[in-house]
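# Fold and geometry: a report
If you want the building blocks of each chain, they are given just below.
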Amino acid sequence: MITFIIRRLITAVFLLLVVSVITFAIFFLIPRLAGQNANELAAQYVGRNPTPAAIQQMVERLGLDQPLPVQYWHFLKGLVAGENYSAGPSVTYCPPPCFGYSFRSQLAVWPQMVSALPVTVSLALGAAILWLLGGVSIGVLSALRRGSIFDRFSMGVALAGVSLPIFFTGLISLELFSYKWPLFPNVQYVNIAVNPLLWARNLVLPWVTLAFLYAALYARLTRAGMLETMNEDYIRTARAKGLRERSVVVKHGLRAALTPILTIFGMDLGLLLGGAILTESTFSLPGLGQFTVLAIQNQDFPEIMGVVMLAAFFIVIANMLVDILYAAIDPRVRIS
Amino acid sequence: MTSMRRRKSLAISAGAAVAAVLLAACGGGATSSTGATSPTGGSTGGSTGGTTGNAVANAGVTGIANPSDHKGGTLTFASSSTPDSLDGGNEYYAWTLNFNRLYETPLLTYKSTTGGAGTQMVPGIATALGQVSPDGLTWTYHIKKGLKYEDGSAVTAGDVKYAVERTYDRGVLANGPSYFPQLLADPTYKGPYKDPNGDLTSITVPDPYTIQFHLVAPFPDFDYVVGAFGQTAPVPKAKDTGAKYELHPMSTGPYMFQSYQVNKQAVLVKNPNWTQNEDTEARQNVDKVILTLNVNADDIDNRLISGDLDVDSAGSGVQAAARAKVLGNPSLLRNSDNGFGNREWFIYLDSKVAPLTNVACRQAIEYAANKTDLQTAYGGPVAGGDIASTLLLPGMGGYSAFDLYNAKSQPTGDTTDAKKALTTCGQPNGFTTGLAYRSDRPKEVAGAQALQQALKAVGINVQLHGYPAGNYYGNFAGAPTFMHKNNIGIAFGGWAPDWPDGYGMMWALTSGNSIVPTGNANIGELNDPAVNKLFKDVANPKLTLDQRSAIYGQIDKLSMQQAVILPEVYAKVLIYRPPTLTNVYIDPAWGMYNYAVLGKSS
Amino acid sequence: MTDPTNPLVMTDSVSLASRLLLQVSDLRVQFATDDGVVKAVDGVSFSLERGRTLGIVGESGSGKSVTSMAIMGLHSGKNTTITGQIRLDGEDLVSASRERVRALRGAKMAMIFQDPLTSLHPYYSVGHQIMEAYRVHNKVTKQVARKRAVDMLGRVGIPNPAVRVDDYPHQFSGGMRQRAMIAMALSCDPGLLIADEPTTALDVTVQAQILDLIVDLQDEFGSAVIIITHDLGVVAEISDQILVMYAGRAVEGGPATGVFGQPGHPYAWGLLGSMPRLDIDRVDRLKPIPGTPPSLINVPSGCPFHPRCGYRDEVGGDRCATEVPLLREIAPAHVAACHLTSDQQRSTWARLSEPVSDLPETKAGSLLASSDPANEVQS
């Protein structure tokens, strides 16, 4: 088990390196190949009507005049060993993992991501609980009552849930429950440490909106999984033993049907922790997703790199946890 | 050419986000500080604005809406985007400069009043407007005695000098304007961070309450340079933290920072060391000011209407969805203002791209354009603006409502005169040229198509070339060699003046000296000796304000005769104000509400 | 192993009834499908005494598995209709409540299945699954149940049961898995054990061990056993009674000696012809029945076997295609449903069981090989 984790972590580091190289290349190499020079790149980060001297200062500050491998090396060095940085009268040390300083605001990237993280975690975990409970139970009931009105209705809603984009369902829910019937007025993120009740109240709409999409997906997956599982021989055995139907469904059917869903759940959660971009934009939640949008809009390379790396990290970790969990659930899966 | 007021639509921030990762290669960000004056990109269509019969109440345009001396309450602002900075020395957006006056006070500032007088400079921390030496090269300001920062320490002239010095480090404070390095004598100075022992010798401080600026050439608008931005707001050297200073700028205004979480929220509370007597242009009406950042643009409008929010800080007006709601509802209209947004949208005609090298060919385009369709593209009369025929904005010194190309008398296009002009140009059957526009701005897309259609009627074929807004001025329309090489004679653009006079509006657009290889704003490449001479004349320190205004009027006419710019609209904004917001009026200096004097009635 | 009573003839005799454990009469199981009503079991009757073994044989789709599932009450689909009577210890299971049947399941009647790997839940240890079966019907602690599981594993011949009880099914070999299944089925000491193709999925060497185990345990526990298979070799070894099913009906039945020694139905001849025999040359062992099993939606008129039967001419006319043959006693306690006369049956079988075979022309495909899973009717 330990060797498994170590091996996976080494793979993860390698993967993150590859991701960083690709991100770096997309941002710097491709525009350079397309003919953009350092001054044109730097001009984006200087205010309107920049003098050539101002652009030159920005080029030097950002190190854009250095060869690309050197720039990449600086990035890596900062990430692993930290770096000294001056954006004012004094030099400050940016400890690892130092994702550098925003091209635009000259502020350190990592603390900003750290402060955005709780928002995304609050959103993702809350929604995950909702969709897992909702989606799975609807899926199970649908499968057990295949062809019933409940099945048809819930699968119809699920199809809508999968098809409707979040910025549509989100805006509708805001319009209805925040403005028309102000059950949840003035939705904005409140730190859980400041006011847990307000934190929860203000997250209800984002949770439900996000969960609606995933619950729909999970209901369909669970239904399909249950239909398949309930035809397995071991279900017949369980019934032949005289087990009550509830045990047959929950203990024998659901447990087997949930395993693949758990895998997908881990990946989904990992992805979401990297930023629920649409939900955060719709509900104005200052999480990693919004941070990502801003980073891209601002062409802020260190921020883009930061969120890409963090998102990749979450996905890798989620993947690993899923594998470990899978082994715990399914004794046939061996970890050596 | 910055986006002084920005709005991002949900669609852009949401849908384009993923694609933008890949577009990063092309520098395709939605906004950029080198981008030109930005449209209110949030609205998805232009046609909804002009179709109403209801009148906007405009209490905040014609006078002050809800005047009140009521004290107390919390004033809440929300922005759909990130500010360029909250550090006065690093700001260029109109709304951040406007907001800045709540906590920082430059030497001079705009007069807080309705009507045209609102564009005048009045003392901020200085005792009076600048005293200029007879040769026009030295400007002297005296600082009010007894002024204190929020921590009770004294404000000195040295702090003002330091505040200007630090803006020289464009690697750290990148966003502000470049007037000081351009106007003052030692351009090689790198700022106090890189050069701690250096000294900006062109600013002298003869005593702690006097500061002098030494210019290389006369510049009559220097009062605007020190007053229209936040760069002369004093910064105590001991408290300067460079890029981090925006997290807590030392307040000299009615409010001071309690907290600022980047990308999230700033909370301001009363500054105990501020006195109304020393600062006549700001008010301390409320107890607290909260600025929430990166709020969904449509949600901002909903919150305004529901009363959860007081001000959309961008000041660019409501989105298309809320616009329809407001215009269709008399009770909402009562609390709305539809005023000029201190901006003009126009189309450049490049005088260095054949056959537009011939002025008659440019004039043919001026005549042929369907101004009504262009107005509709920008949102119609309410959200778009009034059809324009000059460069100067209405109300600016020297403005006269001349109409060389019948924009107002024949708003759907004057094909007769256009064809005549084509004949004069030697292209009686028309010609072909390219047209550049920002493809991620729906209004410009609609405008480009409208112009293409109108020009086709007189035989001018236009090929559309869409570019990303982020690099539009850096790599495309603002790069003359690119325009020449690709035979692009027409480019969409817009301008909001750095300060509301003829220089701020027209110098960058029409002076031959303003043409630069990248980030060019004089895309028409007008290098007309007469215009250049007038810009030189207007700098004469002996001229009175009226005399200068007369010259700006001449420059406007000359430039329009040269037909390097086809005016579209004088931009207007439709702003909704909750009924509890007091002392509200559209400040002509900003084209949005004056944030320094707002209050709450409950 | 002869039995004087005819298992297929219903009796109301009190003395007989007290020895009877299972009595199935006129059982009909129908599935409503989109294509029509599938008559999977169509009027089958038989009975079984305590401690005895009944072998049900037939091709796939003949209704033998559906019959056993009906006894266990495992047909739950709402498209399934079951009529007739299934009396277990005198109690009718068809009309009993679902809950009552569930309570009997595992306790008084148990079942083991063809593929022990898929029949065991992969996520639970073998011991856990046995304990679960025991604890449904016995209110005991986990410790007691675990002891029972270890005990049962030992009795079915799992070495070192106290350790292997915590193993998972994938850690067992195929034969051990089936032993574990048997341990689970017998954990509650049921009066009736139904073994549905218990050896089909196992290696040949293991098959005999499992059959021996079933026989040994039957003696030990005194259970009645229904063994369902298409492999006549299996039933020949251990059955007291044989029931031959075709197209959802019983076509022949009686004591094993009778059915094997003097079968009366041409279908039984075909089945026996497919059976490995030591006295016939290896080449001639496989004597397949031509054709494929009939559709259970549109069962052929008359004798359902007639399209595949090579002896229609001997009956004469089109009687086989028009008249349904009834079960008729052809020997004491031995019945068959065929229009051939007893003489014809005897003489034909005598000829067929000669060492040199001259069966009618056959088409390709043996009975064994023609077990098309698609024709297997399961709910």
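Residues numbered from 1 in each chain as written. Chains lettered and ligands numbered in written order. Predicted model: local features only at pLDDT ≥ 70, side-chain atom pairs only at ≥ 80, totals over all residues.

Here we come to the overall build of chain B. The number of helices and strands found in chain B is 19 helices and 21 strands. Taken over the C-alpha trace, chain B has a radius of gyration of 24 Å; the compact-globule value for 602 residues is 25 Å, and the two agree within 12%. Based on the C-alpha atoms only, the size of chain B along its principal axes is roughly 75 × 55 × 50 Å. Expressed as a percentage of contacts within chain B between residues at least 6 apart in sequence, the contacts between residues at least 24 apart total 76%. (Helix = DSSP H or I, 4+ residues; strand = E, 2+ residues; numbered from the N terminus. Rg over C-alpha atoms; globule rule 2.2 N^0.38 Å. Contact = placed C-beta atoms within 7 Å.)

What follows covers the interface of chain C and chain A. Opposite the 23 residues of chain C that make contact, chain A presents 18 residues. Those elements that place two or more of their residues in the side of chain C that touches chain A are α3 (98-104), β6 (109-112), α4 (116-119) and α5 (126-137) of chain C. Ranked by residue count, the leading element in the side of chain C that touches chain A is α5 of chain C, at four residues. Of the residues belonging to the side of chain C that touches chain A, the class tally is 13 nonpolar, six polar and four charged. (Nonpolar A, V, L, I, M, F, W, Y, C, P; charged D, E, K, R; others polar.)

Glancing now at the arrangement of the chains. With two pairs of chains in contact overall, the greatest share of contacts is found between chains A and B. The least C-alpha distance between chain B and chain C, which are not in contact, is 40 Å.

Residues and elements named next belong to chain A. Orientation of helix α8 (residues 196-229) relative to helix α10 (residues 245-273), taken along the N-to-C sense of each, is 145°, at an axis distance of 8 Å. Regarding α8 and α10, the two cross each other, and that crossing is right-handed. Residues Tyr214, Tyr218, Leu221, Thr222, Gly225, Met226 and Thr229 of α8 touch α10, and the partners they reach there are Gly253, Ala256, Ala257, Pro260, Ile261, Ile264 and Asp268. A per-class count over the contact of α8 with α10 returns nine nonpolar, four polar and one charged. (Axes fitted to C-alpha atoms, helices over the stretch in contact; angles between N-to-C directions. Left-handed = near helix turned anticlockwise from the far one by under 90°.)

With that out of the way, let us pick up the nonpolar core. In this structure, Ala42 of chain A together with Val244 of chain C are the most contacted members of the largest nonpolar core, which totals 202 residues. When residues in this core are grouped by element, the largest group, 15 residues, is from α8 of chain A. Counting only domains with at least three residues in this core, you end up with domain 1 (118-188) and domain 2 (257-375) of chain C. Among all residues touching Ala42 of chain A, those that are not within four sequence positions of it are Ile55, Met58, Val59, Leu62 and Leu64 of chain A. (Core = buried A, V, L, I, M, F, W, Y, C linked by C-beta atoms within 7 Å. Buried ≥ 20, exposed ≤ 12 C-beta atoms within 10 Å, placed from the backbone. Domains from an automatic or database assignment.)

On to the confidence of the model for chain C. All names here are of chain C. Summing up the model confidence of chain C, the mean pLDDT is 83 and the portion of residues at 70 or higher is 84%. When the criterion is pLDDT under 50, residues 1-7 qualifies, and its contacts beyond four places in sequence or with other chains add up to 20 contacts. Interface scoring of the predicted complex returns ipTM 0.87; its pTM is 0.79. (pLDDT = per-residue confidence, 0-100.)

Turning next to the interface of chain A and chain B. Opposite the 53 residues of chain A that make contact, chain B presents 61 residues. Those elements that provide at least two residues to the side of chain A that touches chain B are α1 (2-33), α2 (38-43), α3 (52-62), α5 (109-144), α7 (166-180), α11 (277-282) and α12 (288-297) of chain A. Considering each element in turn, the side of chain A that touches chain B owes the most residues, seven residues, to α12 of chain A. Within the side of chain A that touches chain B, the residues separate by chemical class into 27 nonpolar, 22 polar and four charged.

Before going further, it helps to spend a moment on the sheet that holds strand β8 (residues 224-229) of chain C. For sheets, the rule is that strands pair by backbone hydrogen bonds, running either parallel or antiparallel. All names here are of chain C. Here eight strands make up an open sheet; going across it, the order is β6-β7-β8-β3-β9-β10-β12-β11 and the pairing mixed. Each of the sheet's edge strands pairs with one partner strand only, and the pair in question is β6 and β11 (328-331). Going across the sheet, the axis of each strand differs from the next one's by a mean of 20°, ignoring polarity. Bridge count between strand β3 (residues 53-57) and β8: five bridges; the pairing is parallel. Paired with Val57 across the bridge in β8 is Thr229. Here helix α8 (residues 174-186) sits on the sheet in contact with β6 and β7 (192-196), set at roughly 170° to β6. Helix-sheet contacts for helix α12 (residues 266-273) involve β3, β9 (241-246) and β10 (249-255), and the interaxial angle to β9 is about 110°. (Pairing = 2+ DSSP bridges.)

All names here are of chain B. Pairing between strand β1 (residues 74-78) and strand β10 (residues 288-292): five bridges, direction parallel. Pairing of Thr74 across the sheet is with Lys288, part of β10. When strand β9 (residues 265-270) meets β10, the two strands line up antiparallel, connected through five bridges. Paired with Val267 across the two strands is Ile290, which belongs to β10.

In this section: the environment of Leu108 of chain B. Residue and element names in this part refer to chain B. By the element assignment, Leu108 lies in strand β2 (residues 108-110). Separated by 489 residues in the primary sequence, Leu108 and Val597 have C-alpha atoms spaced 16 Å apart. When near neighbours in sequence (up to four residues on either side) are disregarded, Leu108 contacts Met121, Val122, Pro123, Gly124, Ala126, Leu129, Asp223, Val226 and Gly227.

Here we take up the sheet that holds strand β7 (residues 210-214) of chain B. Residue and element names in this part refer to chain B. Reading across from one edge, β4-β5-β7-β6 is the order of the four strands in this open sheet, with antiparallel pairing throughout. Looking at the sheet topology across the chains shown, the edges are occupied by β4 (131-132) and β6 (203-207). With respect to the sheet, helix α4 (residues 157-166) is in contact with β6 and β7, its orientation differing from that of β6 by roughly 170°.

Before going further, it helps to spend a moment on the environment of Gly426 of chain B. Among the structural elements, Gly426 of chain B can be located in the loop between α13 (415-425) and β14 (432-438). Taking the C-alpha atoms as reference, Gly426 of chain B lies 8.8 Å from Ala360 of chain B; in sequence the two are 66 residues apart.

This brings us to the packing of α7 of chain A against α8 of chain A. Residue and element names in this part refer to chain A. One can describe the packing of α7 onto α8 by two numbers: an axis separation of 10 Å at closest approach and a directional angle of 145°. Note that α7 runs across α8; the crossing there is right-handed. Judged by residue contacts, Ile166, Thr169, Gly170, Ser173, Leu174, Phe177 and Ser178 of α7 engage Leu205, Val208, Thr209, Leu210, Phe212 and Leu213 from α8.

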